[in-house]
Structure formats: structure tokens, C-alpha cells
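Per-entry structural report
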Amino acid sequence: MSFTRRPRRGPRNPSAASRRPGRLQGGPSRAYGAAEADGRLSRLSSILAALDQGIAFVSPEGAVVEINDRCLALIGGVREAVLGQGIAVLDLETEDYQASVFLELFRRGAAHAPVSFDRRFGDRDVTVKLQPVFDAGLFAGLIVSLIDVTPMVEARLSVEREKSFLEQVITIAGAAICIVNRDDEVLTINDEFTAITGYNRDQALGRKRASLLRESPPSPCPAAPDGQAVRQSQSRIVARDGRRLTIRKNAAPLRDDQGSVTGGIESFTDVSDLIRARVQAEEASRMKSAFLANMSHEIRTPLNAILGLAHLLLKGDMPESQRESLETMRAAGEGLLVILNDILDFSRIEVGRLEIRPAPVDIDRLVEDARRVMAPQAEERGLLLTIERDPDLPRVLVCDPVRLKQILLNLLSNALKFTERGRVTLGVARPRAPVSGIAGLPVRFLVADTGPGIPEDMRQRIFEPFVQADDDVAREHGGTGLGLSISDRLVRLLGGTGLEIASQPGKGSTFFFTLHLAEPDGKTAAPRPGAPLAPAVDLGGLRVLVAEDNPFNRFLLQKILEKLGVGRQSFAADGQKALEMLLASKEEGPPYDVVFMDLRMPGLDGIEVSRRARQAGIETPIVALTAQASAEDADRCREAGMTAFFAKPYRISDLEKVLVSLVGDAGSSRI
Amino acid sequence: MTPAAARRQARAFLRKRQMLSAAEADQALDVAATVLGAALDHLAVAAAADDGRACVEAAHGLKGNLLNLGLPELAALAQDILDKAREGSYQSVLTGREKLAVSLATLLDGSGN
């Protein structure tokens, strides 16, 4: 490739031509010979040919007299067709710049300065430069240079496209966006920012972010780098109109391609309404739970009285038809009590008010207690109820005995309810594949039955509140559908992963859960074998009055109540004193939750004290204490307004049952 | 029932059924000894005075205490005394009282700890 010249016909003005700077025809010094000049010409021609820049020379008359290959390539011409042609052959005419016009201006001496403009040749972007050459003030020709700027234009367009894309993203983003420089001055905001804060671009750009938004608590400049890629926070800001808004935001520094922080970006959404709605929902939930708890308590108190009296009446003689009616009444009442307890438990769990109280538990005793409670139901339905226990398990482990027993009783009750024939098994064992990495000894509790099984599609749903296997189940067996839901949540509160089920339709179901239970440490005394389990309801808040003239019976009751955890006990050694204490508590408070009243006391006996207490409007449950449970005594107790009847000898388990059934809710509600 | 057996049975009942600790059971037996002793004294005085009402009260108290001590056989004896008192058979009351006192001798004198 070479920079060739079209043969000239000779200069019009040889002397002038010899003085042209950069002339290709030889140097100005006589020291150079013709050969040297030719050599130089050849080198310069090679340099021009090798340039990545298109170069052409246009004579003063407007003919293209020199052109290099690059220039030809850019304009898409061939040398022979271009040389000697007018400047138009270079195709340098644009709407704004016409080379021929500039050529004419240079020729006339009307313009002397070089001119640059952009022109597109095919897919190439080219910057065209027209450099006039003057020789002694006369226009001697025009150097046309074409610089391919396509890569630069591409890069610029790419940046512009990216910028445009980002602007679109920022504009349509569902969050307010604010970009700041390293001095925390606002550089960019989007429409959502204006919508939330009320500040438009004119009002926001250039201002300090902190003073603009008056954030509380103040956040560091998003440009401040720290360990986190994105900082998430919630804060309050003040909008332009003075409204205080709660925002949830993400903030992060912006970095250049070298990794240096150039500024920061934060995006935020207005969560004021969300927060307000959540607070309102929580308040509504609290009110609902409080309502449920109060209503449950208010319903349970008279219900307990009804049940107590039904129990009392059933001890007496009566026609069989009346007995059946009374039994039905009692059974319905007890069913209602179960439902109320379920609702109360569920509402407590929902609002996080159900406290777990771990204590050393005699597991053997607990499962045996559960079996004993359910044995009558199993016997009634002709089912075998058995315990299967892994002998390698420690007997005493730390857990909340009340809640663990509640779960087991619920599962057993369900199993017995739905199993027509066969057996129900309560099992305690080590799981086959224990989960590693969790402290405590893994213990699997299970209740297996030979009932109808549960269809696949129901196995998850039955853990949802108010769901039962099907409508027929609800009709046949009643209940709220809360039992499994409560048990599942209790398992989680005890540290388990929830209730699980394995079932084969027609063959039975197994409900199981795994707890990781610690063994009692040296500081925690394990319960002695035979020691009482914690009562099913916390009775610590109870205030109990014992009216008993016999010092030994009084002593015994005191010890039993202490062991049951009854918090406040008062004693009256005769009926008169008991009545005075009851009346005083009514007037001055706090009222007693339950009264144990010996029937035979010197002066006013228990019957008379109870009668007068009721006449005075005292509604506290009164439990009669007597050495003999005769029908006559029962009648007298009922007529005097007593709530229940308790025959000697006192047994701690019986007393616990009476307390729980009468005032369990009152006790636990004071926790 | 021998006096020693009565005390053992009562102590076992308090320990197992009422879940009292050993110290609490002994303390309960001490209280019981005082209360039972006083009731037997009242019974003797009431029977000697042919005071049926006082006899019934005392026998009733004894019965309740004995039930709470896990001694149903002796409680049944107290019920007999109570019945006799209602009938006005005070000699029988005294006889029954003596049987009861003998059966409770170990418990009443606090020995056997």
C-alpha cells in the first residue's frame, strides 16, 4: 500500500510550490539531493498510507489530488474513480456542513480556520476535519482528514443507554430513590421520592440529605462504607408538609470501577400506613383475645357451678329418667368446658401469653398419669390403652410437665375418639434418626391408634385451627377443631418442630413429636419418685380460704395447698370467723377465689356460713368438706349454695382436680 | 390393727398419698397426736357426763382425722362410737374409745419415729 500521487501536469507557480510547508516533493535545503528528497517523500508516503486516519488533499480548484487507502475505505471509493474528481466525490455534504461551501469560502479567503463536523459513512461514525492550507496568504488546497470515531461513539451511546435505562428504573421504581455524593448532598431523586416527601427536584437537588429529610434516628450518609453491602433500617422522616412518616429503607455506597466510593444511594418506602394497620391489628387481636379470655372465664365460672351441682345431685337418689337427664346435662357441660379451655389456650398462644415453665419431670409418672386419665374412656369404648417406653431413656428430664401432659392427653383423646376397635398406644422412645447439633436428649413421644386413618390431603390441614377431618367428624364427635392446632403450637413452644403424622387409611394413625430434653443438672433437684407433678394449671395466683376447726385437718390442707402451689392461703378456725373474713374480702378485697368449708364447726357450721355468704352476694365457689358424703349432706350443701362436695380423706390429687376445675382459669389468668 | 401398725400406716399414707416429705409427715403426726389425744379426752369427759351432743362432735372429729390419716378401719370404729353416742349408749362409747386409744397408742405418744 502506498500513498500514490496522480501525475501532475506541473505546478502553476513553481517558486510558490517550492515554499509550501510539508510539501511532499522535497526539502527546502539544497543539502538534500534529489535522491534524498525522493527517499523522504517515500517515507512520508508510507507514514500517510499507514495512518488509521483517512487523509485526502483537495486542490484549490476543488479536485481530489491525493487520498490514502483508509480514506478510500471510509468513503467506499476506489482510487482511480476518486482522484481528479471534485470534492463532492468525498461525500462530505451534510445538512449542516457542506465541504464544497467551505472550500469556496477558503478559496475566496473568506474563511481561514479549520472546520470539524461529524458524518456517518455506512456503519462508521467519522469526524471530518477540513484544514485549509495557505501559502503566502493564498489558498493552496484543503487537507481533508477523516477520523473513525465509531468505538468512542459506541461507548458513549452505551453509557447513554445505560443511563437512560437506570433513569427509567429509578423513575418507575415503587420506592423513593435518593442518590447523594460523598458529602451527602442530593444528586438525584425520582418521582416516588417527590410523591412521598413532597420535595421536587428543584427543592431537593444540592441539599444535604440529612437536613432535607430530618430523619429520626439519623442515619449515616449512604456513601459511608461499612461492612454491609446494603444497610436496612426503619426510621421516621418529616415530609415537606410537616407529616411524620415511617420509612423502611435500604442504603448502600456507590462505587466506581476502581472500587472507590463516589456517593451513595438509598431507597425507601413509606410504611406508615402499614405500621398503623399492624398496630391496629395487634390491638384488635389483643382485644379479641382479652374478650375471649374474659368471656371464657365468665362462662366457666357459672358452668363450673352447674357441673358441681350436677355432680352433687348425681350422688343423691332420683328416678332413672331424671338421672339420665342429669348425666346428659353434666356431659354437655363438661364438653362445653373442654371447648372453652381450648379457645382460651388458643387465644393465649396467639398473643404469646402462654408461658413455658420447664421443670424436672418424671416422664414415667407423667405418661402413666396420662394413661390413667384416659383409661376410663378407653374402657368405655372397649379399647386397649397401653404404654410403650424405651427402657434406656432417663426417667427424669427437664420439660414443662403441664404442657407436655396437655399434648399427650389431647392426642390420646383424639385417638380414643376416632378408634372403633383395637388399641391406642402411648409411646416414649429415642428417635431412630436423631437430629445432630441440638442440645439435649432427643425424645420421641407418639400416640398410635388402629383407627380409620387420615386421608393424605387432610394430613397438613388438620393442624390448622378449626379444621377437622370432615364435616361428619364434627357432627359425630363435636369439638372445636382446635386441639391439634394447640398441640402443634405447644410442641413448638416446647422446642420441637411441631406435630407430625404417619397414617394409612384403614390401618390407623400415629401422631408423634420429638423434643430435645435436658437431664436435670446437679443444682436442680429431680423429683422424688412419687412426688406430685406440677398441677395442670398454675395455681400460684389463687387466694384460698380454709374454714376448718380441726387443727390436724387444717394443717393437712395447708400442706397440700402449699404443694399445689396455691399462692395465698387464709384459715379460719370456726364458722363465725370464716364468715367475717368472707364479708371483709367482699367489702375491701381482694376476693377469695375458692373456699374450703368444713361442714361441722362450732358456732356457725359450714352450711350456715355458706348460706349467709350467698345472701350477702358472695359468689366465690365454696367446696364442702365432710367426713361422709351422704345424700342428706349433699342436699343441704346444695340448698346452702355450696358449689361442690369434698369427702375426707383429702388427697392431693383429688384436691388438685377440684381446684383446677373450679378456678383453673382464675389461677392461670393471674400468671 | 396394732398401735405400731397404725402409726406406720398413717405415716405411709401421708408420705405416699399426700406427698408429704418425711419431716412433714412426722410433723403432721405430731399435730395429729395432739388433736386425737384431745378428742379422746373430750370423748371420755362427754361420755362420763352423758353428753350425747359432745360425744357426737368428738367422735365426728376423730372420724375425720382418722380418714385423713389413711386409717379407715379406725375411722369406722369412730363411726361406731358416733352411732352409739347418738343412741345414748355411753358405756359403748367409752368401750369404743378405749379400743381406739389402744390402737392409737404409738401414734399418740409420739414414739416410733
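This text follows the structure it describes.
Residues numbered from 1 in each chain as written. Chains lettered and ligands numbered in written order. Predicted model: local features only at pLDDT ≥ 70, side-chain atom pairs only at ≥ 80, totals over all residues. Heavy atoms only, no water.

Here we take up the sheet that holds strand β9 (residues 244–255) of chain A. Residue and element names in this part refer to chain A. One open sheet holds the five strands; their spatial order is β7-β6-β10-β9-β8, and the pairing between them is antiparallel. This sheet does not close on itself; its edge strands, each paired only once, are β7 (186–189) and β8 (231–238). Ignoring strand direction, the axes of neighbouring strands in this sheet form an average angle of 30°. Note that strand β6 (residues 176–181) and strand β10 (residues 261–270) share six bridges and pair antiparallel. Across the sheet, residue V180 finds its bridge partner in β10, namely G264. (Pairing = 2+ DSSP bridges. Helix = DSSP H or I, 4+ residues; strand = E, 2+ residues; numbered from the N terminus. Axes fitted to C-alpha atoms, helices over the stretch in contact; angles between N-to-C directions.)

On to the nonpolar core, then. One finds F596 of chain A together with L14, L66, L69, L100 and L107 of chain B to be the most contacted residues of the largest nonpolar core, which totals 62 residues. Broken down by element, this core gets its largest block of residues, 12 residues, from helix α2 (residues 22–48) of chain B. Those residues in contact with L100 of chain B that sit more than four places away from it in its chain are L40, L62, L66, L74, L77, A78 and I81 of chain B. (Core = buried A, V, L, I, M, F, W, Y, C linked by side-chain atoms within 4.5 Å. Buried < 20%, exposed > 50% of the residue type's maximum accessible area, 1.4 Å probe, protein only. Contact = heavy atoms within 4.5 Å.)

A few words now on the interface of chain A and chain B. Each partner contributes to the interface: chain A provides 22 residues, whereas chain B provides 25 residues. Between chain A and chain B lies a buried interface of about 2100 Å² when both sides are counted; carbon and sulfur atoms form 58% of it. Taken as a group, F552, F555 and R600 of chain A account for 30% of the area that chain A buries against chain B, more than any other trio of residues on that side. Put simply, chain A and chain B have one salt bridge between them. E57 of chain B serves as the salt-bridge partner of R600 of chain A, at 3.9 Å between the closest nitrogen and oxygen. Applying the counting rule to chain A against chain B returns four residue pairs in polar contact (both at pLDDT 80 or more). When residues in the side of chain A that touches chain B are grouped by element, the largest group, eight residues, is from helix α16 (residues 551–563) of chain A. Looking at the side of chain A that touches chain B residue by residue, the class counts come to 11 nonpolar, four polar and seven charged. (Buried area = accessible area lost by both parts, 1.4 Å probe. Salt bridge = Lys/Arg side-chain N within 4 Å of Asp/Glu carboxyl O. Polar contact = N/O pair within 3.5 Å; in protein donor to acceptor, adjacent residues only side chain to side chain. Nonpolar A, V, L, I, M, F, W, Y, C, P; charged D, E, K, R; others polar.)

Take helix α6 (residues 150–172) of chain A next. Between its terminal C-alpha atoms α6 of chain A stretches 32 Å, which fits the 33 Å expected from 23 residues at 1.5 Å a residue. Close packing links the buried residues of α6 of chain A with β4 (124–135), β5 (138–148) and β6 of chain A. (Expected span 1.5 Å × (residues − 1).)

A word on the pairing of strand β21 (residues 622–626) of chain A. Residues and elements named next belong to chain A. Most of β21 is tucked away: five of the five residues are buried. Going residue by residue along β21, you find I622, A624 and T626 tucked away on one face and V623 and L625 tucked away on the opposite face as well. Note: strand β20 (residues 594–598) against β21, four bridges, orientation parallel. Each residue of the ladder has a partner; that of M597, found in β21, is A624. Running through helix α18 (residues 606–615), the crossover from β20 to the neighbouring parallel element β21 is right-handed. With four bridges connecting them, β21 and strand β22 (residues 644–647) associate as parallel partners. (Right-handed = clockwise from strand over helix to strand, strands pointing away.)

Let us look at a positive patch on the surface. A surface patch of positive charge is lined by R207, R214, R236 and R244 of chain A. You can see R236 of chain A is positioned in strand β8. (Patch = residues over 30% accessible without salt bridge, like charges linked within 9 Å, V, L, I, M, F, W, Y side chains within 5 Å. Areas by Shrake-Rupley, 256 points an atom, 1.4 Å probe, with all protein chains shown as cover. Lys, Arg positive; Asp, Glu negative; His and termini not counted. Charge placed at Lys NZ, Arg CZ, Asp CG, Glu CD.)

All names here are of chain A. With their axes 9 Å apart at the nearest point, helix α17 (residues 575–588) and α18 run at an angle of 20° to one another. Relative to α18, the element α17 is oriented roughly parallel. Relative to α18, α17 is oriented so that their crossing is right-handed. Counting all contacts with α17, which are made through G575, A578, L579 and L582, the residues of α18 involved are V609, R612 and A613. Looking at the contact of α17 with α18 residue by residue, the classes come out as five nonpolar, one polar and one charged. (Parallel < 35°, antiparallel > 145°, perpendicular 65-115°, else oblique. Left-handed = near helix turned anticlockwise from the far one by under 90°.)

Glancing now at the side chain of S503 of chain A. Residue and element names in this part refer to chain A. Structurally, S503 is set in strand β16 (residues 500–504). Of the residues examined, S503 reaches a relative accessible area of 11% and is grouped as buried. Reaching out from S503, the side chain makes a polar contact with the backbone nitrogen of I454 at a distance of 2.7 Å. A polar contact of 2.9 Å, which involves the side chain of S503, links it to the side chain of S509. Ignoring sequence-local partners within four residues, the contact set of S503 consists of G453, I454, R459, G508 and S509.

Residues and elements named next belong to chain A. Taken as a whole and assessed by the stated rule, the structure comprises seven aromatic pairs over all chains. Ring geometry for Y97 and F102: centres 6.2 Å apart, planes at 20°, overall stacked. Overall, F102 belongs to the buried group, its relative accessible area being 18%. Between Y97 and F117, the ring centres sit 5.0 Å apart and the planes meet at 5°, which makes this aromatic pair stacked. Within this pair, whereas Y97 is found in the loop between α4 (79–82) and α5 (99–107), its partner F117 is found in strand β3 (residues 115–121), the two being separated by 20 residues in sequence. Of the residues examined, F117 reaches a relative accessible area of 3% and is grouped as buried. (Phe/Tyr/Trp six-rings, centres within 6.5 Å; stacked < 30°, edge-to-face > 60°.)

All names here are of chain A. Inspection of the sheet shows β8 paired to β9 by eight bridges, in the antiparallel sense. Note on β9: the bridge partner recorded for R231 is A251. Hairpin connection of β8 to β9: five residues between the antiparallel strands, including G242 at a positive phi of 95°. Of the strand pairs in this sheet, β9 and β10 are connected by nine bridges, and their pairing is antiparallel. Its bridge partner lying in β10, I247 is registered against D270. In this antiparallel pair of consecutive strands, β9 and β10, the connection spans five residues, and G259 shows a positive phi of 90°.

Residues and elements named next belong to chain A. In spatial order, the strands read β2-β1-β5-β4-β3; together these five strands make up an open sheet with antiparallel pairing. Where the open sheet ends on each side, the last strands, each with one partner, are β2 (64–67) and β3. Within the sheet, the average angular offset between the axes of one strand and its neighbour, ignoring direction, is 25°. Pairing geometry for strand β1 (residues 54–58) and β5, over five bridges, is antiparallel.

Residue and element names in this part refer to chain A. Mapped onto the secondary structure, L564 falls in the loop between α16 and β19 (568–572). The buried category is assigned to L564, whose relative accessible area is 4%. In this structure, the C-alpha to C-alpha distance between L564 and L659, residues 95 residues apart in sequence, is 9.4 Å.

Another aspect to go through is helix α15 (residues 483–493) of chain A. Residues and elements named next belong to chain A. Counting buried positions over the 11 residues of α15 gives eight, a clear majority of the element. Buried within α15 are the following residues: G483, L484, S485, I486, S487, D488, L490 and V491. Contact partners of the buried residues in α15: α11 (320–350), α13 (401–418) and β17 (508–517). Where α15 ends, the next residue or the one after it, G495, has phi of about 100°, a positive value.

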